[in-house]
Amino acid sequence: MCRVMFLSCLVFQRTLLRYYLFEGLRYVWLSRKGAFCSVRYRRYEHLAQRSLYGANLIDVPVKSYMKLLVEEILNPFYVFQVFSVILWTIDTYYIYASIIVFISFISIGISLYETRKQSVTLRSMARFVTNVTIRRDSGQEECVSSEDLVPGDCLIIPQEGLLLPCDAALLAGECLVNESMLTGESVPVLKTSLPAVDRKYSSDSERRHTLFCGTQLIQAKGGRPGGAGAVAVVTSTGFFTAKGNLVSSILYPQPIDFRFYKDAFKFLFILGFFALIGSIYIFVVLYKVTWLELIIRSLDIVTIAVPPALPAAITAGTIYAQNRLKSEGVFCISPPRINVCGKVSLFCFDKTGTLTEDGLDVWGVVEAGPAGFSELVPDPQQLPAGPMLSGLACCHTVTLLRGQPIGDPLELMMVESTGWGCFESMSLPGVYCPRLFRRQGQSQAVAIVGRFPFSSALQRMSVVTVDRGGRSALAFIKGAPEMVASLCRPETVPSQFASELRNFSSEGLRVLALGCKTVDSSQLHFFEVEKDMQFLGFLMMKNQVKKESGEVINILTAAQVRNVMVTGDNILTAVSVAKSCGMVAPEEKVIYVIANPHTARSMPTLKFSLQDGGSVLMRATVFARMSPDQKTQLVKELQKLNYRVGMCGDGANDCGALRAADVGVSLSEAEASVASPFTSKTQNISCVPLLIREGRCSLVTSFSLFRYMALYSLIQFISVIILSTVSTSPGDWQFVFWDLVLVTVLALVMGMGGPSLVLHPHRPPASLLALPVLGSLFIHTCLIALGQLAALFITKSQDWFVPLNSTVFGTKNLPNMENTSVFALSGFQYIIMAIAVTKGYPHKKPLYHNWIFFGVLIVQLALMTWLVLYPGHVVGLFFQLYNFTDMNFKMLLVALAALNLLICFVVEVSKDGMLLLSFFLGYYKMMGFNIEGKIMKT
């Protein structure tokens, strides 16, 4: 698909507009900057706006079959195939060329069908047009098509909500939104109106006030007369929206910086070097033939030595792994990252909802007073009527949907514990009062008139409430204890604050602090609300660790994958959870490294550098009180230390870190989200070892297929060189038998083997140009050449040997003894190399578990043995084989093939043994170093 398309210039407002489209995004020429820049919001006439921004469509082009056919044929693979077919036809290999053409047409047809089918599916998912209501500058409301929306339009959102066709900032009212498509988070989130502040709007920093394209608005209220509906302003359209970003990431995936893929193409040049050497050799040994014959023979060597299907073959393992992952409920929108999973050396985990359960149980409440903290109250319903009870009942974003309260599980549990209930109100965010009026003063209802939802960056939320009649207004704040305390008057914070917080947090409790103050209900700016508060006390909630968390952490630790917890929670709570799930051993000494503290006007800062922070990054296990941006920063800094970093989170607050990581896994019910390349429907981290095992299996399979395809070319290259030396060559049907019956079938089923059930400490290599890989290929190439030469020399040494007619060349002197002996041994070598390079231990199940591949090997070995020992007259004529009558000689050829198999197998086992030995020696040396520094846990 063409990513860049230049369009003709447009003229509006007497200005020439020059722009181009890149990956669906429009870039406009700005003369004062002297560059093309992405379009930004500017207020023009509506027609000028439409000309500038274009239609509000995420339009995935679906190409015609003819256009797809032309693009497919121009693929380097098929260009090389066309060249090869022409060459084979000139060389009178009509049958082989015809079969390759037939197979290529089938392959092209399947490819065109699948490509167009995917385009149609993506187009139907991406393209969405509906009618919406907008308010013009004159105040008049008008129903228009969503295609005509441009940034700056005032969008009217009905009470029943809608599927949003653009990104928009909420100006008035509240909206309950299902953002599972965007973040993978299944719990609906509450969006509130944008505060009137003098700062530049950004959808990233104002997420709690931004409605994203493709998300389902379930309910809107409080933004229009009568309390129904809401009002928003369009901020982005088309591919500039969040949904457009998701579609763009699928259409145009970012290139992956992975050494394996780079080395695969570099290795083609090595094979090209072999082809050059072979061509020179052909010129030397065939000096007597015509120039045309000489050129054909030389070019034929190129088509043999450089397999055009090599890049495609190495993706087979990834395809099989992707299908296995899908069957386990793990979905992937970036298949090349599956191989990257095999090299992950560090995995970061969010705490709440990832390592621990989503739901929390209220453990108790302590109130703050002039004398310090009160006794623990296990049941909030036992609290006396007052600000603490009202704050617990009202300081949240729980809302009613069709009579049922929905919201964050923590807040639902908090409200439930107070015994208060929510009542429907279209003009207000919520009205709350006790369900049972057993105490004097508790029957009075409290209404929420302003709400500032929780922000992970700010680590707090607040609400403004009024009692019946609006006689008095109270603002409540809830959030991280350190943050809430920094916003409260110092004299209201008990002196035991730090010790009480430490005691509760060290027991693994999630601690929230609450505060309140009297406010003017007409001033609803959170900067004014969230200062000079009165500290009310602590709410403690027990968050149970998921039973799978400890098992997975132990598996990863045994596999030498470093585990790191990254959470916005308190450090003591995080360390307690880390001990519960096995990240920190009970007997280990814990050292705490504290960053700059919270202040009322600034977030904590933590700057990493190799000089100052290197030791922390290398040894820390728990990073607490981390904002979403700091999580992303941490992932990037760990990558700078040459870690392959994985990140597992819920997809909401962790979006940035999930995208920045080499392997991001979102725990979600959605099959795909913009949050991460991997999405797991299993709501625990058991998907992480599965992903690493599949990644290692896929990487090993890709290595095996790469080596096999390279060795297949080298086997055929050596056969042709040897036979050309004696003035002959393989026959038409011999090539067909080698390429289709043996190699293609083996390559298709070789990657079906599944991953090992155990994660091994040794990670598979990622470099194809490493000395062990190149050394192994060199040794196997030598053994292949020695085997074929041995077959030729053994044949020539027989008493009954008759040399072929050297006055003719190529297939004209078939059948002959030299060709038949080399054909027999090379046929076995294609099977032998498949056995040698297909290793199971330690990252794949043993070979016999891949019963299809194992069965194919048995059948092919039996077939080759039959062709050598008892081919029969008809088969011999068909393959142009010489009929040897000496059974002892034929048994000797089979024995030679068996010896070749044994030696190649020993070479592979010895190579793996040396690699494992070097790994364990290096590992134990590293452990000797880490024993001194392993106590460093943050």
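Scroll up to find the structure.
For the structure given in this document, a descriptive report is provided here. (Residues numbered from 1 in each chain as written. Predicted model: local features only at pLDDT ≥ 70, side-chain atom pairs only at ≥ 80, totals over all residues. Heavy atoms only, no water.)

**Observations concerning the overall build of the protein**
Here's step 1: Of regular secondary structure, the protein possesses 29 helices and 33 strands.
Here's step 2: Looking at the protein as a whole, 54% of its 938 residues qualify as buried.
Here's step 3: A sequence separation of at least 24 residues applies to 71% of the contacts in the protein between residues at least 6 apart.
Here's step 4: When the accessible surface of the protein is split by element, carbon and sulfur atoms take 61% of a total near 41,400 Å². (Helix = DSSP H or I, 4+ residues; strand = E, 2+ residues; numbered from the N terminus. Buried < 20%, exposed > 50% of the residue type's maximum accessible area, 1.4 Å probe, protein only. Contact = heavy atoms within 4.5 Å. Areas by Shrake-Rupley, 256 points an atom, 1.4 Å probe, with all protein chains shown as cover.)

**A short note on the nonpolar core**
Here's step 1: By size, the foremost hydrophobic cluster in this structure holds 80 residues, and its most contacted members are Y708, F737, Y830, M833 and M864.
Here's step 2: Looking at this core, the element that brings in the most residues is helix α23 (residues 687–725), giving 17 residues.
Here's step 3: No fewer than three residues from each of domain 2 (67–126) and domain 4 (313–329 + 692–926) sit in this core.
Here's step 4: Sequence-distant contacts of Y830, defined by excluding residues within four places in its chain, comprise Y708, Y712, I715, Q716, W738, L742, V743 and L746.
Here's step 5: Counting residues in each nonpolar core, the second largest holds 38 residues, with C581, V665, V688 and L759 among its members. (Core = buried A, V, L, I, M, F, W, Y, C linked by side-chain atoms within 4.5 Å. Domains from an automatic or database assignment.)

**A few points about a nonpolar patch on the surface**
Here's step 1: On the surface, F102, I103, I106 and I110 cluster together into a nonpolar patch covering about 380 Å² of accessible area.
Here's step 2: Among the structural elements, I106 can be located in helix α4 (residues 94–126).
Here's step 3: Residue classification places I106 among the partly exposed positions, given a relative accessible area of 41%. (Patch = residues over 30% accessible without salt bridge, like charges linked within 9 Å, V, L, I, M, F, W, Y side chains within 5 Å. Salt bridge = Lys/Arg side-chain N within 4 Å of Asp/Glu carboxyl O.)

**What to know about unusual backbone geometry**
Here's step 1: That bond from L814 to P815 is cis: its omega, -5°, falls within 30 degrees of zero.
Here's step 2: Relative to the assigned elements, P815 resides in the loop between α25 (771–796) and α26 (817–837).
Here's step 3: Despite not being glycine, S727 shows a phi value in the positive range, around 65°.
Here's step 4: Along the polypeptide, S727 turns up in the loop between α23 and α24 (732–750).

**Quick notes on the sheet that holds strand β31 (residues 645–649)**
Here's step 1: As summarised here, the arrangement of the seven strands in space is β16-β33-β32-β31-β17-β29-β30, forming an open sheet in which the pairing is mixed. Because the sheet does not close on itself, it has two edges, and the strands there are β16 (330–332) and β30 (622–623).
Here's step 2: Judged from the three bridges that link them, strand β32 (residues 663–667) and strand β33 (residues 678–680) form a sheet pairing that is parallel. Note that in β33 the partner of V665 across the bridge is F678. (Pairing = 2+ DSSP bridges.)

**A short note on the pattern of salt bridges**
Here's step 1: Here the structure, examined in full by the defined rule, presents 13 salt bridges.
Here's step 2: With a closest N to O distance of 3.3 Å, E637 and K640 form a salt bridge. With E637 and K640 both in helix α21 (residues 628–640) and three residues apart, this pair spans about one turn of that helix.
Here's step 3: By relative accessible area, which is 60% here, K640 ends up exposed.
Here's step 4: R707 serves as the salt-bridge partner of E908, at 2.5 Å between the closest nitrogen and oxygen. Here R707 lies in helix α23 and E908 lies in helix α29 (residues 887–933), a separation of 201 residues in the sequence. A single burial state applies to E908 and to R707, both of which are buried.

**Digging into the pairing of strand β9 (residues 154–157)**
Here's step 1: Judged by which residues are buried, β9 turns out to be covered on both faces: C154 and I156 on one side and L155 and I157 on the other are all buried.
Here's step 2: Across three bridges, the pairing between strand β7 (residues 131–135) and β9 is antiparallel. The residue bridging R135 from the neighbouring strand is C154, located in β9.
Here's step 3: One ladder, built from four bridges, connects β9 with strand β15 (residues 230–236); its direction is antiparallel. Following the sheet pairing, L155 is matched in β15 by A232.

**So, the side chain of E530**
Here's step 1: Following the sequence through the fold, E530 ends up in the loop between α17 (526–529) and β28 (534–542).
Here's step 2: Under the relative-accessibility criterion, E530 is labelled buried at 6%.
Here's step 3: At 2.6 Å, the side chain of E530 and the side chain of S462 are in polar contact.
Here's step 4: In contact with E530, not counting residues within four places along its chain, are R460, M461, S462, I477 and L487. (Polar contact = N/O pair within 3.5 Å; in protein donor to acceptor, adjacent residues only side chain to side chain.)

**Some words on the environment of L17**
Here's step 1: Take L17: it is sitting in strand β3 (residues 15–17).
Here's step 2: In sequence terms L17 and W29 are twelve residues apart; their C-alpha atoms lie 7.2 Å from each other.

**Quick look at the state of the cysteines**
Simply put, disulfide is the name for a covalent bond between the sulfur atoms of two cysteines.
Here's step 1: If you walk through the whole model with that rule in mind, you get zero disulfides.
Here's step 2: Cysteine C166 remains unbridged, with the sulfur of C213 as its closest cysteine sulfur at 6.8 Å.
Here's step 3: When its relative accessible area of 0% is taken as the criterion, C166 is described as buried. (Disulfide = S-S within 2.5 Å.)

**Some details on α4**
Here's step 1: The terminal C-alpha atoms of α4, which comprises 33 residues, lie 47 Å apart, in line with the 48 Å expected from a rise of 1.5 Å per residue.
Here's step 2: Among all positions in α4, only Y96, A97, I100, S104, I108, L112, S119, L122 and A126 are buried. (Expected span 1.5 Å × (residues − 1).)

**Things to note about the side chain of D662**
Here's step 1: Along the chain, D662 turns up in the loop between α22 (655–660) and β32.
Here's step 2: According to the relative accessible area criterion, D662 is buried, its value standing at 12%.
Here's step 3: Of note is the side chain of D662, whose polar atom sits 3.2 Å from the side chain of R644.

**Some details on the sheet that holds strand β22 (residues 420–423)**
Here's step 1: Pairing is antiparallel in the open sheet, where nine strands are placed in the order β19-β18-β28-β27-β26-β25-β24-β23-β22. Strand pairing shows two members of the sheet lacking a second neighbour, β19 (372–373) and β22, which therefore form its edges.
Here's step 2: Most of the contacts of helix α13 (residues 387–394) go to β28, to which it runs at about 55°, and overall it touches β18 (361–369), β22, β23 (430–434), β24 (446–455), β25 (460–467), β26 (473–479), β27 (509–518) and β28.
Here's step 3: Where helix α16 (residues 497–506) meets the sheet, it contacts β18, β19, β27 and β28, and its direction lies at approximately 10° from that of β28. (Axes fitted to C-alpha atoms, helices over the stretch in contact; angles between N-to-C directions.)

**Focus on the packing of helix α2 (residues 65–73) against α4**
Here's step 1: The N-to-C vectors of α2 and α4 enclose an angle of 125°; their axes lie 10 Å apart at closest approach. Relative to α4, the element α2 lies oblique. The two elements α2 and α4 cross, and the hand of that crossing is right-handed. The residues of α4 that touch α2, namely those facing Y65, L68, L69 and E72, are I108, S111, L112, Y113, T115 and R116.
Here's step 2: Partitioning the contact of α2 with α4 into residue classes produces six nonpolar, two polar and two charged. (Parallel < 35°, antiparallel > 145°, perpendicular 65-115°, else oblique. Left-handed = near helix turned anticlockwise from the far one by under 90°. Nonpolar A, V, L, I, M, F, W, Y, C, P; charged D, E, K, R; others polar.)

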